[in-house]
Amino acid sequence: MPLVEFVAGWISGAVGLVVGHPLDTVKVRLQTQAVYRGIFDCVVKTYTHEGSRGFFKGMSFPVISVAISNAVAFGSYSNALDYLTRSGHNNSDQSKRSSLTAVFMAGCFSGLAQLFVSAPIDLVKVRLQNQTKSGGNKYRGPIHCIAVILREDGVKGLFRGIWALALRDVPCFGLYFLPYELICSMLTEKQPGNTAVLVAGGVAGVVTWACATPMDVVKARLQMCGGGGRMYSGVLNCITVSVREEGMQVFFKGLLLNSVRAFPVNAVTFLSFEMLLRAMTNSPQD
């Protein structure tokens, strides 16, 4: 039932985004601006100069559009896994449980499938999150941001940082679903309950972001090219310049925030997805 999985992914993505956006804003600013001494300094300065609204900058657009990306990711994952699982079993005596290889491959496919949807959305989010009162507001909102990017850089401008995003998302979406499926199977033999889903989803988020953070830094810096940030010629140039000027630790900027944010956001996202899926398919919880 592809449509059901896409709808459940859509709604669960929006729920997860709202939960994690404030910490995501702090993370993006730490990764792209050198004016903050750390997490606490960024939080204090953001609240002092912009109030609580400053933590929700750039959320109105992705709360709707990131849901589309999440719908594509969850929908394509579920259907790819179903295809790989069915094609991998030739008789009724074989186990119906998905192999870890199939889970990883389906996850990588979902990361690739959502890439062209998420790239423009993530770009606009990062540009809006980096606007501060002291730095001026180049963009009046998401639509204006898109219009400015199109005017200055054309359609290709909406896909700045897409190669870094691909290097982050394709393998990391494989890792995203792998610990989730593994932990769920360890905690229950049948359909996982709410507690199992929360734990598995939270751990999956932490594991994924621990691996994704280095390329997430590169992606964010490339997305700010032309939006007030430093100019880089590409992924390799951004990596080289960043290491030369800031050392290897630059790739771990935002790691703590990503990890702290990842557990509740992904726990809520997976739980919402599973509950919606059960409700729309009338599948009782074991």
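This one's a predicted model, so the numbers in the text were calculated from it and none came from an experiment. (Residues numbered from 1 in each chain as written. Predicted model: local features only at pLDDT ≥ 70, side-chain atom pairs only at ≥ 80, totals over all residues. Heavy atoms only, no water.)

### Section: the UniProt feature "repeat: Solcar" (unreviewed entry) in the chain
Worth spelling out the cut-off: UniProt positions are given in the numbering used here, feature names are shortened, and annotations may be inferred rather than shown by experiment. Helix numbers and strand numbers start at the N terminus; a helix is a DSSP run of H or I with at least 4 residues, a strand a run of E with at least 2.
Residues given the UniProt feature "repeat: Solcar" (unreviewed entry) here are residues 1-83, 98-186 and 192-279. Secondary structure within residues 192-279 divides into 76% helix and 0% strand; the distance between the first and last C-alpha atoms comes to 15 Å.

### Side note on the nonpolar core
Looking at soluble globular proteins, one finds that nonpolar side chains tend to be buried together. For the record, the criterion: Here, nonpolar core means buried Ala, Val, Leu, Ile, Met, Phe, Trp, Tyr and Cys residues that are tied together by side-chain atoms lying within 4.5 Å of each other. Burial here depends on accessible area, computed with a 1.4 Å probe over protein chains only, as a share of the maximum for the residue type. Under 20% is buried, over 50% is exposed, and the range in between is partly exposed. Here, two residues are considered to be in contact whenever any of their heavy atoms come within 4.5 Å of each other.
The biggest cluster of nonpolar side chains holds 23 residues, and the ones touching the most others in it are Phe74, Tyr77, Leu81, Tyr176, Phe177, Tyr180 and Phe270. Those elements giving two or more residues to this core turn out to be helix H1 (2-32), helix H3 (62-87), helix H4 (100-113), helix H7 (162-187), helix H8 (194-223) and helix H10 (255-281). With six residues, H7 is the single largest residue contributor to this core. When near neighbours in sequence (up to four residues on either side) are disregarded, Phe177 contacts Phe74, Tyr77, Val103, Gly107, Ser110 and Phe270. Within the second largest apolar cluster, 12 residues are counted, among which are Met215, Val217, Cys225 and Phe251.

### A short note on the packing of helix H5 (residues 115-129) against H7
Under the convention used in this document: With axes taken as lines fitted to C-alpha atoms, and helix axes fitted only over the stretch in contact, angles between N-to-C directions fall between 0 and 180 degrees. Should an angle lie under 35 degrees it is considered roughly parallel, over 145 roughly antiparallel, and from 65 to 115 roughly perpendicular; all remaining angles are considered oblique. Take the far helix as the reference: if the near one is turned anticlockwise from it by less than a right angle, the crossing is left-handed, and if turned clockwise, right-handed. Gly counts as polar in this scheme, as do all residues outside two lists: the nonpolar Ala, Val, Leu, Ile, Met, Phe, Trp, Tyr, Cys and Pro, and the charged Asp, Glu, Lys and Arg.
Packing of H5 against H7 brings their axes to within 10 Å, and their N-to-C directions diverge by 120°. Taken together, H5 and H7 sit at an angle that is classed as oblique. H5 and H7 meet at a crossing whose hand is right-handed. Counting all contacts with H5, which are made through Leu115, Phe116, Ser118, Ala119 and Asp122, the residues of H7 involved are Ile162, Leu165, Ala166 and Asp169. Residues of the contact of H5 with H7, tallied by class, amount to six nonpolar, one polar and two charged.

### Side note on the packing of aromatic side chains
For clarity, the cut-off: Classification of ring pairs rests on two measures: the distance between centres of Phe, Tyr or Trp rings, Trp counted by its six-membered ring, which must be within 6.5 Å, and the angle between planes, read as stacked under 30 degrees, edge-to-face over 60 and tilted in between.
The tally for this structure, following the rule as stated, stands at 11 aromatic pairs. A centroid spacing of 5.5 Å and a plane angle of 65° characterise the contact between Phe74 and Phe270, whose relative ring orientation is edge-to-face. Pair noted here: Phe74 is in helix H3 and Phe270 is in helix H10, with a separation of 196 residues, a long-range link. Here Phe74 falls in the buried class, since its relative accessible area comes to 2%. Given the relative accessible area of 1%, Phe270 is considered buried. Relative to Phe270, the ring of Phe177 has its centre 6.1 Å away and its plane inclined at 85°; by these criteria the two rings are edge-to-face. Taken together, the positions of Phe177 in helix H7 and Phe270 in helix H10 put the pair 93 residues apart, joining distant regions of the chain. Across the pair, exposure class does not vary: Phe177 and Phe270 are buried alike.

### Overview of the side chain of Asp216
Its place among the elements puts Asp216 in helix H8. Non-local contacts of Asp216, meaning those with residues more than four positions away in its chain, are made with Lys27, Gln31, Arg168, Trp209 and Asn258.

### So, the side chain of Gln114
Relative to the elements of secondary structure, Gln114 occurs in the loop between H4 and H5. For Gln114, the contacting residues outside a window of four places in its chain are Ser69, Val72, Ala73, Asp169 and Phe173.

### Digging into a nonpolar patch on the surface
Cut-off, in case you're wondering: Patch membership requires more than 30% relative accessible area and the absence of a salt bridge. Residues of like charge join within 9 Å; the nonpolar side chains Val, Leu, Ile, Met, Phe, Trp and Tyr join within 5 Å. All accessible-area figures derive from a Shrake-Rupley calculation using a 1.4 Å probe, and residue coverage is judged against the displayed protein chains alone. Salt bridge, as used here, is a side-chain nitrogen of Lys or Arg placed within 4 Å of a carboxyl oxygen of Asp or Glu.
On the surface, a nonpolar cluster with roughly 650 Å² of combined accessible area is contributed by Leu3, Val7, Trp10, Ile11, Val15, Val19, Ile68 and Met280. Looking at the element boundaries, Met280 is found in helix H10.

### A short note on H10
Stated precisely, the cut-off is as follows: Expected helix span is given by 1.5 Å per residue-to-residue step, counting one fewer step than there are residues. The term bend refers to the angle at a residue between two fitted axes, each drawn through seven residues, those ending there and those starting there.
The end-to-end C-alpha distance of H10, which contains 27 residues, comes to 37 Å, matching closely the 39 Å that a straight helix rising 1.5 Å per residue would cover. At Ala262, H10 shows its largest kink, close to 35°, and the proline Pro264 lies no more than four residues downstream. Asn282 sits one or two residues past H10 and shows a positive phi near 55°.

### Quick notes on the pattern of salt bridges
According to the stated counting rule, one finds 19 salt bridges in the structure shown. One salt bridge in this structure joins Lys57 and Glu50, with 2.9 Å as the shortest N-O distance. Of the two residues examined, Lys57 and Glu50, each falls in the buried class. Of the charged contacts, one joins Arg168 and Asp216 as a salt bridge, the two residues approaching to 2.7 Å between their closest N and O atoms. Placement of Arg168 in helix H7 and of Asp216 in helix H8 is noted, with a sequence separation of 48 residues between them. Of the two residues examined, Arg168 and Asp216, each falls in the buried class. Taken together, the shared-partner salt bridges in this structure form one network comprising Asp24, Lys27, Asp122, Lys125, Arg168, Asp169, Asp216, Lys219 and Arg261.

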